[in-house]
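One-letter residues, chain by chain:
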Amino acid sequence: MVPEEFGSSEAGKKGGKARAKALDSKTRKEIARKGAAARWQGKDGLPQATHGDTDHPLRIGDIEIQCYVLEDGTRVVSQRGLQASIGISASGGAQRLQGILSKLSAKGIDTKDLEARIRDPLLFWGPTGKTHGFEATILADFCDVILSAREKGGTLQPNQLHIAKQCEILMRGFARVGIIALVDEATGYQEARTRDALAKILEAFIDKELRGWIETFPADFYNHLFRLRGLDYPKDTVKRPQYFGVLTNDIVYKRLAPGVLDELKRITPKDDKGRRKHKYFQRLTSNLGYPKLKEHLGAVVAIMKLSDNWNDFIDKLNRHYPRFGETMLLPFPEDDGTGL
């Protein structure tokens, strides 16, 4: 008879836990991934992702794109990541992408069969279960279509021009990373570089290029700004009332740090029409000023969501984020009639 300490199921469980504790987190994740692959292999006839996990997305600035390699070598990206990378919100899903492509096709733009490809996404077993995605090359193909449309002229709507700019930067970033990868492969350096080295090169390039135009102010900021001012939020244009600039200076830049707005006005020249040649946030330092702006915007939007009207919003904002250089008026207790 096998001694209980070696033969019982309880002893086996204890031994398994001890072995698991002795392994590093990376090894444990790999074992878990292989276990999941074994359980799912052949299930529903779907391909299995052999590489990639949710903890290691492709990062481009603030964007995270889940990417995987399937057992047949197909490289795939997630649908949400595809939309985010080209500056399209997740709302509307694939239908929004198809709508853009359909209109471009009607105007004579070769859309590379992207409508059908987006309509029929890949379904595979990923680390967390069934996952939808597209072949990774779809991102470059979509960028190519959008840039062709911009080059033709008159085919993109004004509110789609930012997508073209994003696509241009992505394509330039892909080209830069591509030549680095080719050199690494030819020289054998690819075996020595870290697993995320190319992703970091791409992220640094994209982040630097995007700073010149990226929509730093979130859509929620303007959505609530229109609401609090009693205005309807326009869906088909990016134009906003001119006085919104004055409001933005007040609720953002005057409260960011002492003297920031005055200095930004000083160093940001105007064109011949009296408009600033650059957005104020483009002048903020990347290590302190820009992160501080993003933090402040997050707080402002949170207060906006909690406010019923403009006066309510300004009252809350003044209490939590007063303008620099102004003395806050403290609320006095009501007169109780004693004269004290």
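Nothing here was measured: the structure is a model prediction, and the numbers come from that model.

A. View of the sheet that holds strand β1 (residues 49-51). The strand order across the open sheet formed by five strands is β1-β4-β5-β7-β6, and the pairing between neighbours is antiparallel. This sheet does not close on itself; its edge strands, each paired only once, are β1 and β6 (122-126). Sheet twist, expressed as the mean angle between neighbouring strand axes with direction ignored, is 55 degrees. Strand direction decides the pairing type here: strand β5 (residues 75-78) and strand β7 (residues 129-135), joined by three bridges, are antiparallel. Bridged to Val-77 within β7 is Phe-134.

B. Fine view of the packing of helix α11 (residues 244-251) against helix α14 (residues 310-320). One way to put it is that α11 packs onto α14 with a least axis distance of 12 Å and a crossing angle of 30 degrees. Relative to α14, the element α11 is oriented roughly parallel. Residue-level contacts link Leu-247, Asp-250 and Ile-251 of α11 to Trp-310, Phe-313, Ile-314 and Leu-317 of α14. Among the residues forming the contact of α11 with α14, the class breakdown is six nonpolar, no polar and one charged.

C. Quick peek at helix α8 (residues 161-187). Along its 27 residues, α8 runs 40 Å from first to last C-alpha, staying within 8% of the 39 Å computed at 1.5 Å per residue. For α8, every residue scored as buried is listed here: Ile-163, Ala-164, Gln-166, Cys-167, Glu-168, Ile-169, Leu-170, Gly-173, Val-177 and Asp-184. Backbone geometry just after α8 places Gly-188 at a positive phi near 85 degrees.

D. Geometry of the state of the cysteines. Summed over all chains, the structure comprises zero disulfides. Of all cysteine sulfurs in the structure, the one in Cys-167 sits closest to Cys-143, which takes part in no disulfide; the separation is 3.5 Å.

E. Fine view of helix α10 (residues 219-228). Buried residues of α10: Phe-221, Tyr-222, His-224, Leu-225, Phe-226 and Leu-228, and no others. Just past α10, the residue Gly-230 takes up positive phi, approximately 75 degrees.

How each quantity is defined
Residues numbered from 1 in each chain as written. Predicted model: local features only at pLDDT ≥ 70, side-chain atom pairs only at ≥ 80, totals over all residues. Heavy atoms only, no water. Pairing = 2+ DSSP bridges. Helix = DSSP H or I, 4+ residues; strand = E, 2+ residues; numbered from the N terminus. Axes fitted to C-alpha atoms, helices over the stretch in contact; angles between N-to-C directions. Parallel < 35°, antiparallel > 145°, perpendicular 65-115°, else oblique. Contact = heavy atoms within 4.5 Å. Nonpolar A, V, L, I, M, F, W, Y, C, P; charged D, E, K, R; others polar. Expected span 1.5 Å × (residues − 1). Buried < 20%, exposed > 50% of the residue type's maximum accessible area, 1.4 Å probe, protein only. Disulfide = S-S within 2.5 Å.

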